[in-house]
Amino acid sequence: MKKLKFPTAQTILILIAVFVTLLTWLIPAGKYDSLAYDAGSNTFTKISLEERVELKATQETLEELNIKIPIEKFTSGDIYKPIGIPNTYKPLESRPQGFAALVQSPIKGIIAAADIIFLILIIGGLIGIMNLTGAFDAGIAWMAKVLRGREYILIIVVTTLIALGGTTFGLAEETMAFYPILIPVFLAAKYDAMVGLSCVFLGSGIGSMCSTVNPFATIIASDAAGINWTTGLNSRIIMLLLCTTITIVYILLYARRVKADPSKSLIYEQKESIEKLFGLGKMDTNIKFTNRLRLITLVFSLSFIVMIIGVSFLDWWFVEMTTTFLVGAIIIGFIAGIKESDFVDAFAKGAADLLSVAFIVGIARGVTILMEDGLISDTILFYASNITEGMNKGVFANVMLFVYGGLSFFMPSSSGMAVLTMPIFSPLADTVNIGREIIVDTYLYGMGLFYLINPTGLILAALAIVKIGFNKWMRFVMPLLILLILTTMIFLTISVHTN
């Protein structure tokens, strides 16, 4: 009998969609009212399924709704999404999702995730052009010579830099561009693809988990909790240093074991196929890193630097990011002197290589749409908010950690989670006599820890690029995850008792 193979990422997500569809039949429907601010008319709109009511945008209105957030957080644009209104949960008539909704969910998800899907495809096209120029081969060969005997530096630098991106501006979806670029570098350094994957994905995950100035997580969550984002900043910096160090050491130990004995790799049986996938077997290691190729590599690198600057300081998002990579590809085509027909073919082939990844992102978004249409997300939030009533503050903080971890399966968006849950969960901190920054911390750490294995997040898309199964990833990451969970629980317990 042939050995059963672990299902692909697409199949896993389809099975999750089936599971969520069944949940819409089992979990009662319900919804919180939400409050949206309109800067144009300087008014609030209270939104429920039955009606939309326009209210004055004043502090008194917020107090009447039991929302303990300064009005300035709305008028300044710090809170730009509708927030949940405490004590407004209403049970509703059940909306179970049927077979039609299930089969339509991937299509709806692909449409809803069009922004990130186009970013992934354009990045694929850019990589296709880079491969055509030979700049990757020359750059990797040059780097292999420079780092010979000190390849571990690559692990430390890549993980640290990506963690810094995660903690400052939430570097996550953008990392999809890094896997096709960096995996060959790690393979050339005699590591396996798991090392390259973990440096990028774990770096992003740990950085986002310990967000310090990330506007899409820490700042928006603190604003929605009614506190200044600098409250609790010191503890998050300590956690960032602690968790990043633990992660780097963990990757280094695995990488050293694999380098000493390749058969110790968790994906050893895929060694040849992965090397072939990333062109390592046919890579020309003798190609000279000419000035033209250096210029091409510089333009390629500048595309990412411009993207980071735009997102961090110029309010850029997917349209601007995608345009940056498209323009970068065109400029590289001109520098390399690529014929128009060859450029189009290489760009299309590069985009096609990441098409399956784009579909995974769309299918995952479709799962979220099923939950939204079935009106079960707010019900789960309502019951979760009742779990912690009357708890010891140390126990409370750790329970909230796992509550947020569980909720992130249903709401993987960090900004969406913040505006929906903070107005409801942050007042719970007052009842156990701890600072509201602890709720912000449990939100960050709970979502961040579960992000490392969350199938409705980005891990399946990342694994699809590298062709590594979810089961192999779980074997690799679980010891680290357990260590990080224990570290976080101890840190939270100390924090609430010294608060």
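Remember, it's a predicted structure, so these values are computed and weren't measured experimentally.

Cut-offs and rules
Residues numbered from 1 in each chain as written. Predicted model: local features only at pLDDT ≥ 70, side-chain atom pairs only at ≥ 80, totals over all residues. Heavy atoms only, no water. Helix = DSSP H or I, 4+ residues; strand = E, 2+ residues; numbered from the N terminus. Rg over C-alpha atoms; globule rule 2.2 N^0.38 Å. Buried < 20%, exposed > 50% of the residue type's maximum accessible area, 1.4 Å probe, protein only. Contact = heavy atoms within 4.5 Å. Areas by Shrake-Rupley, 256 points an atom, 1.4 Å probe, with all protein chains shown as cover. Lys, Arg positive; Asp, Glu negative; His and termini not counted. Charge placed at Lys NZ, Arg CZ, Asp CG, Glu CD. Pairing = 2+ DSSP bridges. Expected span 1.5 Å × (residues − 1). Salt bridge = Lys/Arg side-chain N within 4 Å of Asp/Glu carboxyl O. Phe/Tyr/Trp six-rings, centres within 6.5 Å; stacked < 30°, edge-to-face > 60°. Disulfide = S-S within 2.5 Å. pLDDT = per-residue confidence, 0-100. Core = buried A, V, L, I, M, F, W, Y, C linked by side-chain atoms within 4.5 Å. Patch = residues over 30% accessible without salt bridge, like charges linked within 9 Å, V, L, I, M, F, W, Y side chains within 5 Å. Axes fitted to C-alpha atoms, helices over the stretch in contact; angles between N-to-C directions. Parallel < 35°, antiparallel > 145°, perpendicular 65-115°, else oblique. Left-handed = near helix turned anticlockwise from the far one by under 90°.

## Examining the overall build of the chain
Then step 1. Within the chain, the secondary structure is distributed over 22 helices and 6 strands.
Then step 2. What you see for the chain is a C-alpha radius of gyration of 24 Å, in line with the 23 Å of a compact globule of 499 residues.
Then step 3. In terms of overall dimensions, the chain has C-alpha extents of about 70 × 55 × 45 Å along its principal axes.
Then step 4. In the chain, which comprises 499 residues, the proportion classed as buried is 56%.
Then step 5. Considering only contacts in the chain between residues 6 or more positions apart, those separated by 24 or more positions represent 79%.
Then step 6. As displayed, the chain offers around 22,200 Å² of accessible surface, 64% of which is attributable to carbon and sulfur atoms.
Then step 7. Averaged over its 36 positive side-chain charges, the chain has a centre that lies 13 Å from the centre of its 36 negative ones.

## Considering the pairing of strand β3 (residues 43-47)
Each regular strand carries side chains that alternate between the two faces of the sheet.
Then step 1. Burial runs high along β3: 4 of the 5 residues are buried.
Then step 2. Direction of pairing for strand β2 (residues 34-38) relative to β3: antiparallel, over a ladder of 5 bridges. Across the sheet, Leu35 pairs through a bridge with Lys46, a residue of β3.
Then step 3. Following β2, the chain reverses through 4 residues before pairing antiparallel with β3; Asn42 in that reversal takes a positive phi of roughly 55°.
Then step 4. By the bridge criterion, 5 bridges tie β3 to strand β4 (residues 52-56) in an arrangement that is antiparallel. Across the sheet, residue Phe44 finds its bridge partner in β4, namely Leu55.
Then step 5. The turn linking β3 back onto β4 is made up of 4 residues.

## A few points about helix α9 (residues 193-209)
Then step 1. Here α9 spans 23 Å end to end across 17 residues, near enough to the 24 Å set by a 1.5 Å rise per residue.
Then step 2. Burial runs high along α9: 16 of the 17 residues are buried.

## Quick look at the sheet that holds β3
Then step 1. Spatial strand order, β4-β3-β2-β5: 4 strands in an open sheet with antiparallel pairing. The outermost strands of the open sheet, each flanked by one partner alone, are β4 and β5 (83-84).

## Things to note about unusual backbone geometry
Then step 1. For Asn42, which is not glycine, the phi dihedral falls at a positive 55°.
Then step 2. With respect to the helices and strands, Asn42 occurs in the loop between β2 and β3.
Then step 3. Judged by relative accessible area, which is 40%, Asn42 ranks as partly exposed.
Then step 4. Even without glycine at this site, Asn66 takes up a positive phi of about 65°.
Then step 5. Summarising the element assignment, Asn66 is placed in the loop between α2 (59-64) and α3 (72-75).

## A few points about the pattern of salt bridges
Then step 1. Tallied over the entire structure, the rule returns 10 salt bridges.
Then step 2. In this structure, Glu151 engages Lys259 in a salt bridge whose closest nitrogen and oxygen atoms are separated by 2.7 Å. You can see Glu151 sitting in the loop between α6 (135-146) and α7 (152-169) and its partner Lys259 sitting in helix α11 (residues 233-260), a full 108 residues away along the chain.
Then step 3. For Lys259, a relative accessible area of 31% translates into the label partly exposed.
Then step 4. A salt bridge links Lys472 to Glu269; its shortest N-O distance comes to 2.2 Å. With a gap of 203 residues between them, Lys472 in helix α22 (residues 470-498) and Glu269 in the loop between α11 and α12 (271-277) connect regions that are remote in the sequence.
Then step 5. Here Lys472 falls in the buried class, since its relative accessible area comes to 13%.
Then step 6. With a relative accessible area of 56%, Glu269 lands in the exposed category.

## Regarding the packing of aromatic side chains
Then step 1. On inspection of all chains with the given rule, the structure shows 14 aromatic pairs.
Then step 2. Judged by centre distance (4.9 Å) and plane angle (5°), the ring pair of Phe201 and Tyr451 falls under stacked. A residue pair is termed long-range when its members are at least 10 positions apart, and Phe201 in helix α9 and Tyr451 in helix α20 (residues 437-451) qualify at 250 residues.
Then step 3. Ring centres 5.7 Å apart and planes at 70° place the aromatic pair Tyr404 and Tyr443 in the edge-to-face group.

## Some thoughts on the state of the cysteines
Then step 1. The tally for this structure, following the rule as stated, stands at 0 disulfides.
Then step 2. Cysteine Cys199 is unpaired, with the sulfur of Cys243 as its nearest cysteine sulfur at 16 Å.
Then step 3. Of all cysteine sulfurs in the structure, the one in Cys210 sits closest to Cys243, which takes part in no disulfide; the separation is 4.3 Å.
Then step 4. Under the relative-accessibility criterion, Cys243 is labelled buried at 0%.

## Considerations on the confidence of the model for the chain
Then step 1. For the chain, per-residue confidence averages 87 on the pLDDT scale, and residues scoring 70 or more make up 97% of the total.
Then step 2. Within the chain, no element has a lower average pLDDT than α6, which sits at 73, and none a higher one than α11, at 95.

## Describing the environment of Val306
Then step 1. Here Val306 shows up in helix α13 (residues 291-313).
Then step 2. Ignoring sequence-local partners within four residues, the contact set of Val306 consists of Trp316 and Thr324.

## A short note on the nonpolar core
Then step 1. Within the largest apolar cluster, 175 residues are counted, with the highest numbers of intra-cluster contacts made by Phe425, Tyr443 and Trp473.
Then step 2. Look past the residues within four positions of Tyr443 in its chain and what remains in contact with it is Phe216, Ala217, Ala221, Tyr404, Ser414, Ser415, Met417, Ala418 and Met422.

## A look at helix α16 (residues 355-373)
Then step 1. Across its 19 residues, α16 extends 27 Å between first and last C-alpha, which sits within 8% of the 27 Å expected from 1.5 Å per residue.
Then step 2. Following α16 by one or two positions, Leu375 adopts a phi angle in the positive range, close to 55°.

## Observations concerning a nonpolar patch on the surface
Then step 1. On the surface, Leu295, Leu298, Leu302, Ile305, Val306, Ile309, Phe313 and Leu314 cluster together to form a nonpolar patch covering roughly 730 Å² of accessible area.
Then step 2. On the secondary structure map, Leu302 appears in helix α13.

## Some remarks on the packing of helix α8 (residues 178-188) against α9
Then step 1. Two elements in contact, α8 and α9, have axes whose closest approach is 8 Å; the angle formed by their N-to-C orientations is 135°. In this view, α8 runs oblique relative to α9, as classed from their interaxial angle. As α8 packs across α9, the resulting crossing turns out to be right-handed. On the side of α8, the interface is formed by Phe178, Tyr179, Leu182, Ile183, Phe186 and Leu187, while α9 contributes Ala193, Val195, Gly196, Leu197, Cys199, Val200 and Phe201.

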